[in-house]
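Topology and contacts: notes
Chain residues, written in single-letter form:
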Amino acid sequence: MSSSTDWPLWEVFVRSRRGLSHTHAGSLHAPDAEMALRNARDLYTRRSEGVSIWVVPSTEITASSPDEKDSFFEPAGDKPYRHPTFYEIPEGVKHL
Amino acid sequence: MAAVTADQTTQGQARGTAQATAGGPDGPAGADVAQQAAFDAAVAADERIEPRDWMPDAYRASLVRQMAQHAHSEIIGMQPEANWISRAPSLRRKAILMAKVQDEAGHGLYLYSAAETLGTSREEMLDKLHAGRQRYSSIFNYPTLTWADVGAIGWLVDGAAITNQVPLCRCSYGPYARAMVRICKEESFHQRQGYELLLTLGRGTPGQRAMAQDAVNRWWWPSLMMFGPPDDASAHSAQSMTWKIKRHSNDELRQRFVDICVPQAEALGLTLPDPDLRWNEERGHHDFGAIDWTEFQEVLKGNGPCNEQRLTQRRRAHEEGAWVRDAAASYALKHPAPTRHAHAPAHITEAPHTEMHQAEMHTPPNAEATA
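Our subject in this report is the structure included herewith. The numbering scheme is per chain: residues are counted from 1 as the chain's sequence reads. Chain letters and ligand numbers both follow the written order, the letters beginning at A and the numbers at 1. Only residues with pLDDT of 70 or above have their local features reported here, since the model is predicted, and side-chain atom pairs are shown and tallied only from 80 upward, although totals for entire chains, interfaces and linings are computed over all residues. As a convention, hydrogens and water are excluded, and side-chain values are obtained from all of the structure's heavy atoms.

**Overview of the overall build of chain B**
- Strands are runs of DSSP state E lasting at least two residues, helices are runs of H or I lasting at least four, and both sets are numbered from the N terminus onward. Across its full length, chain B holds 15 helices and two strands.
- Burial analysis of chain B (371 residues in total) assigns 49% to the buried set.
- Throughout, a contact is declared for two residues whenever any of their heavy atoms are within 4.5 Å. Contacts in chain B between residues far apart in sequence, at least 24 positions, make up 78% of those at least 6 positions apart.
- What sets the accessible areas is the Shrake-Rupley method with a 1.4 Å probe; for residues, cover comes only from the shown protein chains. Surface exposure of chain B reaches about 18200 Å², of which carbon and sulfur atoms provide 57%. Three exposure classes are used, based on accessible area relative to the maximum for each residue type with a 1.4 Å probe and protein chains only: buried under 20%, partly exposed in between, and exposed over 50%.

If you want it as structure tokens, here you go:
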């Protein structure tokens, strides 16, 4: 006898309303993509929290490793000139 | 376990790397100390621990215990109320009760998913529940004798659960905290429908009023026990507070709940079954009578009114649902997914007809619980 845990895990992304991007809502087990969508609807949009759902097999996701967090994101760390607040503008100058 | 969550996908690799470097200049002990220090610093800074971060084994084990018990409570908690769906007094009440019981199932699933990020599997947790090796909240071992019990459960049991769960939204473990945010948003409907149900009975016939009072009398003390043993007798409290899994002590939350309930009971025109309950001006809190911890221990040991019934029903539901799970698995085998990569973009771009019409949109999830 198989059980639900033999079912693959899916990550669920929900678009809460038009104009917003899909956001990770959680995960669930389902035997196939269609059932994953239906389960996601029942599990994550019982109160009309979404207008669109994506389900993605969890195994298809490649993630960065927390161990290399520092070296991986470090290149952006010393580039404050990428932010507008880096620049000094004389007082009174508008629309800039 | 065949599948892991996205959060876990490279957990094994991350650990492998840690072990590989452990043989370096610092040696294994040095690496452990560094990891422990990083963990402690994150907890101290009120940062969240995420599934792939290093964490002490005891922290992981403690979370699995608590989250599995929490998930089991949601699932077992469906039973006492589902008992009344077919006998709800109106279509309105029936629809509300079905929605609530469905929510409890949903809450269980959020929590099982969150617990799985710690490396335990759904099957393992269910097996342990069915074997009596993982617990669920003792409160569900009490019977629902009348319709008014549905109201008392919503008001008192869900009320106590909310008091417990709101601080868990800031729990140090990210997936648990996120599940709790979602759950807390949904629980407030549970509590309010129960309160409204009791209010309706309280304004009804003398018989209905007596039924409401009787239900409150029976559920009050078990609800107070939901906060767990007194602080000096609580096995896990101190460590959980240090890890910021728990934010407030059992007694602190219990007191908060009592203070909240007293005026709510007055508004209902019902009394709470405690002759020692009175306002203490000096403390700024209500004093209340001693809790019968012998009863709590007995129910915990399996000697409550419904322990056997709840577990038997759970096992039966699992076994009787096996053919559905098998059928779905067989169907999936016979209809393999179309070659995904051939038209991958289609997965990302939703077809227009799957979008709901704008007018059907409800307000977006409120920000209350996340504030």
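Next, the rest of the story.
**Comments concerning the environment of B:Ile260**
- Within the element layout of this structure, B:Ile260 appears in helix 11 (residues 250-268).
- A C-alpha to C-alpha distance of 9.6 Å links B:Ile260 and B:Thr163, two positions 97 residues apart in sequence.

**Quick notes on the state of the cysteines**
Residues and elements named next belong to chain B.
- Disulfide assignment relies on a single distance test, namely cysteine sulfur atoms paired within 2.5 Å. Counted according to the given criterion, the structure contains zero disulfides over all chains.
- For Cys 184, which is in no disulfide, the shortest distance to another cysteine sulfur is to Cys 169 and amounts to 3.7 Å.
- Owing to a relative accessible area of 9%, Cys 184 belongs among the buried residues under this scheme.

**A few points about the sheet that holds strand 1 (residues 9-15) of chain A**
Residue and element names in this part refer to chain A.
- Only strands that DSSP links by at least two bridges are regarded as paired with each other. Here we have three strands laid out as an open sheet, ordered 2-1-3, and antiparallel in their pairing. Two strands lie at the open edges of the sheet, namely strand 2 (23-29) and strand 3 (52-57), each paired on one side alone. Averaged over all pairs of adjacent strands, the angle between their axes in this sheet comes to 30 degrees, without regard to strand direction. Lines fitted to C-alpha atoms define the axes, with helix axes restricted to the stretch in contact, and inter-axis angles between N-to-C directions lie between 0 and 180 degrees.

**Side note on the pattern of salt bridges**
All names here are of chain B.
- Take a side-chain nitrogen of Lys or Arg and a carboxyl oxygen of Asp or Glu: if they are within 4 Å of each other, that pair is a salt bridge. If you walk through the whole model with that rule in mind, you get 22 salt bridges over all chains.
- Residue Glu 124 pairs with Lys 128 through a salt bridge whose shortest N-O separation is 3.3 Å. Of this pair, Glu 124 and Lys 128 both sit in helix 6 (residues 122-130), four residues apart, which is roughly one turn of that helix.
- Given a relative accessible area of 21%, Lys 128 falls into the partly exposed group.
- A salt bridge links Asp 287 to Arg 283; its shortest N-O distance comes to 2.8 Å.

**Quick notes on the nonpolar core**
- Residues A:Leu28, B:Tyr59, B:Trp155, B:Tyr173, B:Tyr176, B:Trp219 and B:Trp220 are the most contacted members of the largest nonpolar core, which totals 92 residues.
- The dominant element in this core, judged by the number of residues it contributes, is helix 8 (residues 174-202) of chain B, at 11 residues.
- Excluding anything up to four places from it in sequence, B:Tyr176 contacts B:Leu63, B:Gln66, B:Met67, B:His70, B:Leu111, B:Ala114, B:Leu168 and B:Cys171. Definition of nonpolar core: a set of buried residues of the types Ala, Val, Leu, Ile, Met, Phe, Trp, Tyr and Cys, connected through side-chain atoms within 4.5 Å.

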